[in-house]
Amino acid sequence: MTAPSRLCLFGILTGAAIMPASAADAPPPPPAAYLAPVQPLSIVSEIRIGGAVQDPGSAEGKLPGFSKANVNGEILFAKPILSADPFWQAFVPRPTVGGSYNTGGRTSYAYLGATWTLEVFPETFNRRVFLDGFFGGVAHNGWTGPKAETPYGFNTLGCSPMFREAAALGFRITEHWSIMATIEHMSNAGLCANNRGLTNYGGKIGYTF
């Protein structure tokens, strides 16, 4: 082997011996930054449609001569990203808008608010069972006049708008489709006279994008 060849081989072997030591001394790379889950291209997160029975224990639900059925639907928008921490981001609700039409000509309404979703025992039920909670405001076309003048088959609601609270127990059939049993209550919380309110029971089908 010639002298230049021996020098070249010596340089290669020396470099190979030094490189592992340098790599071992190098500081570890910084942890990867948290990336928020990819949001759907649409601002809409979920669409729900369903039906309900109008307050069975009140004039709007037990007096004869009117349909007790409601047809309702709502749109849930994608969560806004308010925190880089997934724990705190889980508490962020989905903005929600919806409405309900009474087929008997009694109180119908539209609402706006926020929906919180909590998975129930995700490991046991494979993330299929969930609970929803809603809070917001509702505007309606029901009776807001004096109680003594309340029309037959209507509840005395006192004023509009009012507050609306709702809950749902749901089951995810597939990645996109789910079914829910629902309950909702609307009242003015004593902010105006005649606070009979409405409490409706029903169900919904949801499609998640």
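Owing to the predicted nature of the structure, the values given are computational and were not obtained by experimental measurement.

Caption draft 1: The arrangement of the overall build of the protein chain in detail. Assigned secondary structure in the protein chain consists of three helices and eight strands. Looking at the 209 residues of the protein chain, the share that counts as buried comes to 31%. As displayed, the protein chain offers around 12500 Å² of accessible surface, 72% of which is attributable to carbon and sulfur atoms.

Caption draft 2: Quick peek at the state of the cysteines. Per the stated rule, a full pass over the model turns up one disulfide. The partner cysteine of Cys159 in its disulfide is Cys192, sulfur to sulfur 2.0 Å. For the disulfide bridge between Cys159 and Cys192, the dihedral angle about the S-S bond is near -70°, and by the sign convention the bridge is left-handed. You can see Cys159 sitting in the loop between strand E5 (129-140) and strand E6 (162-172) and its partner Cys192 sitting in the loop between strand E7 (177-187) and strand E8 (198-208), a full 33 residues away along the chain. Residue classification places Cys192 among the partly exposed positions, given a relative accessible area of 21%.

Caption draft 3: Fine view of the pairing of E6. Taken together, the ten bridges between E5 and E6 define a ladder with antiparallel strand orientation. Across the sheet, residue Gly133 finds its bridge partner in E6, namely Ala167. Direction of pairing for E6 relative to E7: antiparallel, over a ladder of ten bridges. Across the sheet, residue Phe171 finds its bridge partner in E7, namely Ile179. Counted along the chain from E6 to the antiparallel partner E7, the turn is four residues long.

Caption draft 4: Highlighting the pattern of salt bridges. Tallied over the full model, the rule gives eight salt bridges. A salt bridge links Arg48 to Glu46, with the shortest nitrogen-to-oxygen separation between them at 3.0 Å. The partner of Glu119 in a salt bridge is Arg127, with the nearest N and O atoms 3.3 Å apart. Judged by its relative accessible area of 25%, Glu119 is partly exposed. Residues participating in the shared-partner salt-bridge network are Glu46, Arg48, Glu74, Arg94 and Asp132.

Caption draft 5: Inspection of the confidence of the model for the protein chain at higher detail. Scored by pLDDT, the protein chain comes out at a mean of 85, with 80% of its residues at no less than 70. Scored below 50 in pLDDT, residues 15-24 shows zero contacts in the model against residues more than four places distant or in partner chains. Confidence drops under pLDDT 50 across residues 33-37; counting only partners more than four residues distant or on other chains, this segment forms three contacts.

Caption draft 6: Focus on unusual backbone geometry. Here the bond from Ser160 into Pro161 is cis, since omega is 10°, no more than 30 degrees from zero. Of note in this structure, Asn126 is not a glycine but carries a positive phi near 55°. Note that Asn126 resides in the loop between strand E4 (109-119) and E5. In this model, Arg127 sits at a positive phi of 60°, which is unusual for a non-glycine residue. Relative to the helices and strands, Arg127 is located in the loop between E4 and E5.

Caption draft 7: Layout of the packing of aromatic side chains. If you walk through the whole model with that rule in mind, you get ten aromatic pairs. Measuring from centroid to centroid gives 6.4 Å for Phe121 and Phe125, while their planes differ by 55°, and the two rings are tilted. Centroid distance Tyr207 to Phe209: 5.3 Å. Interplanar angle 85°. Geometry classified as edge-to-face. Overall, Phe209 belongs to the partly exposed group, its relative accessible area being 48%. Joined through ring pairs, the aromatic side chains of Phe87, Trp88 and Phe91 make up one cluster. A cation over an aromatic ring shows up here: Arg164 above the ring of Tyr111, its NZ or CZ 3.7 Å from the ring centre.

Caption draft 8: Region of the structure containing the sheet that holds E8. Read around the closed barrel, eight strands run E1-E2-E3-E4-E5-E6-E7-E8, paired in antiparallel fashion. Strand after strand, the sheet turns through a mean of 25° between neighbouring axes, direction not considered. Pairing between E7 and E8: ten bridges, direction antiparallel. Residue Trp177 lies in a different strand from E8, and its bridge partner there is Tyr207.

About the criteria used
Residues numbered from 1 in each chain as written. Predicted model: local features only at pLDDT ≥ 70, side-chain atom pairs only at ≥ 80, totals over all residues. Heavy atoms only, no water. Helix = DSSP H or I, 4+ residues; strand = E, 2+ residues; numbered from the N terminus. Buried < 20%, exposed > 50% of the residue type's maximum accessible area, 1.4 Å probe, protein only. Areas by Shrake-Rupley, 256 points an atom, 1.4 Å probe, with all protein chains shown as cover. Disulfide = S-S within 2.5 Å. Pairing = 2+ DSSP bridges. Salt bridge = Lys/Arg side-chain N within 4 Å of Asp/Glu carboxyl O. pLDDT = per-residue confidence, 0-100. Contact = heavy atoms within 4.5 Å. Phe/Tyr/Trp six-rings, centres within 6.5 Å; stacked < 30°, edge-to-face > 60°. Lys NZ or Arg CZ within 6 Å of the ring centre and 35° of its normal. Axes fitted to C-alpha atoms, helices over the stretch in contact; angles between N-to-C directions.

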